[in-house]
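The lines below spell out each chain.
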Amino acid sequence: MASLSTVINGIDLTVYYTCEFEHDPYGTGDSPDVYNIDITEIEVADSTVNILSLLPDSVISDIEDEIIDMESN
């Protein structure tokens, strides 16, 4: 399991996740990379309370995009 520290709407968050990467999943030589991300916990900094279920899908999507950016480098 990996973790990411990020700031969303001015709030420091720690995100715990797993990420599987597949290059050229369709075997065509030019298909886009696929990232399967499973976010298991999101905590406010200095807390151990999991707030994942409280966040809207748009925030989760932003966090997933940030994970993909980090994992692709």
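One numbering rule holds for all chains: residues counted from 1, following each sequence as written. At least 70 in pLDDT is required for a residue's local features to be given in this predicted model, at least 80 for side-chain atom pairs to be given and counted, and no such filter applies to totals for whole chains, interfaces and linings, which use all residues. With hydrogens and water set aside, each side-chain value is computed from the structure's full complement of heavy atoms.

Caption draft 1: Here's a closer look at the overall build of the chain. For the chain, the count of helices and strands is one helix and three strands. Each helix is a run of DSSP H or I of at least 4 residues and each strand a run of E of at least 2, with the numbering of both proceeding from the N terminus. The N-to-C order of helical and strand elements in the chain reads β-β-β-α. Along the first, second and third principal axes, the C-alpha set of the chain runs to 45 × 20 × 20 Å. Every one of the 73 residues in the chain was classed for burial, and the buried ones make up 26%. Exposure classes here rest on a 1.4 Å probe applied to the protein chains alone. A residue is buried below 20% of its type maximum, exposed above 50%, and partly exposed in between.

Caption draft 2: Region of interest: the nonpolar core. Residues belong to a common nonpolar core when they are buried Ala, Val, Leu, Ile, Met, Phe, Trp, Tyr or Cys residues joined through side-chain atoms within 4.5 Å. Core analysis: the biggest nonpolar cluster contains 14 residues, and Leu-13, Val-15, Tyr-17, Ile-39, Ile-42, Ile-63 and Ile-67 have the highest contact counts within it. Within the residue set of this core, elements represented by two or more residues are strand S1 (2-8), strand S2 (11-22), strand S3 (34-44) and helix H1 (57-71). Discounting residues that sit within four places of it in the chain, Leu-13 has contacts with Leu-4, Ser-5, Thr-6, Ile-8, Ile-42, Glu-43, Val-44, Ala-45, Ile-51 and Ile-63. The contact criterion used throughout is that any non-hydrogen atoms of two residues lie within 4.5 Å.

Caption draft 3: Representation of the sheet that holds S2. Strand pairing is defined by DSSP finding a minimum of two bridges between the two strands. Reading across from one edge, S1-S2-S3 is the order of the three strands in this open sheet, with antiparallel pairing throughout. The open sheet terminates on both sides in strands that have one partner only, identified here as S1 and S3. The mean angle between the axes of side-by-side strands here comes to 35 degrees, regardless of whether they run parallel or antiparallel. Pairing geometry for S2 and S3, over ten bridges, is antiparallel. Counterpart to Glu-20 in the pairing with S3 is Asn-36. Helix axes use the C-alpha atoms of the stretch in contact, all axes being lines fitted to C-alpha atoms, and the angles between their N-to-C directions lie in the range 0 to 180 degrees.

Caption draft 4: View of the side chain of Thr-14. Within the secondary structure, Thr-14 sits in strand S2. A residue is classified by how much of its surface remains accessible, and Thr-14, at 17% relative accessible area, is buried. In contact with Thr-14, other than residues within four places in its own chain, are Leu-4, Ser-5, Glu-41, Ile-42 and Glu-43.

Caption draft 5: Local environment of the side chain of Glu-43. Considering the arrangement of structural elements, one finds Glu-43 in strand S3. For Glu-43, the contacting residues outside a window of four places in its chain are Asp-12, Leu-13, Thr-14, Tyr-16, Thr-48 and Val-49.

Caption draft 6: Fine view of the pairing of S2. With seven bridges joining them, S1 and S2 adopt antiparallel strand pairing. Bridged to Ser-5 within S2 is Thr-14. Between the antiparallel neighbours S1 and S2 lie two residues, among them Asn-9 with a positive phi of about 50 degrees.

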